[in-house]
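# Working through the structure, step by step
Below are the chains, spelled out letter by letter.
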Amino acid sequence: MSEMLKCQICDYTELIPIHCNQPMHVESVEGLEKLVCWMGPDCGVKDLPSHHEKAMKIVSINE
């Protein structure tokens, strides 16, 4: 199984961004959900991408 970002409305998926050679994860930063480097928010933070004007979610998929 692997993880991808998925739209909450349709079946659109995209790869999770990589930072420091590892996929980023969702973490609360100043009260907002953000993509964060596995080394922590001091290393790298990105906004969650959106699709259909809603933030995408990380989901597990079967390959």
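Below you will find a few notes about this structure.

### Quick look at the overall build of the chain
In terms of regular secondary structure, the chain is built from 0 helices and 10 strands. Listing the helices and strands of the chain from first to last along the sequence gives β-β-β-β-β-β-β-β-β-β. Taking the principal axes of its C-alpha atoms as reference, the chain extends roughly 35 × 25 × 10 Å. Scored against the burial criterion, the 63 residues of the chain give a buried share of 24%. Restricting to contacts in the chain with at least 6 residues of sequence separation, those with at least 24 account for 42%. With an accessible surface of roughly 4500 Å², the chain has 49% of that area assigned to carbon and sulfur atoms. Each charge class in the chain was averaged separately, 5 positive and 10 negative side chains, and the resulting centres sit 5 Å apart.

### A word on unusual backbone geometry
A positive phi angle, close to 55 degrees, is found at His52, a residue other than glycine. Note on placement: His52 falls in the loop between β8 (50–51) and β9 (54–55). For His52, a relative accessible area of 48% puts it in the partly exposed group. Of note in the backbone geometry, Glu53 takes a positive phi value of approximately 60 degrees without being a glycine. Structurally, Glu53 can be placed in the loop between β8 and β9. A relative accessible area of 82% places Glu53 in the exposed class.

Cut-offs and rules
Residues numbered from 1 in each chain as written. Predicted model: local features only at pLDDT ≥ 70, side-chain atom pairs only at ≥ 80, totals over all residues. Heavy atoms only, no water. Helix = DSSP H or I, 4+ residues; strand = E, 2+ residues; numbered from the N terminus. Buried < 20%, exposed > 50% of the residue type's maximum accessible area, 1.4 Å probe, protein only. Contact = heavy atoms within 4.5 Å. Areas by Shrake-Rupley, 256 points an atom, 1.4 Å probe, with all protein chains shown as cover. Lys, Arg positive; Asp, Glu negative; His and termini not counted. Charge placed at Lys NZ, Arg CZ, Asp CG, Glu CD.

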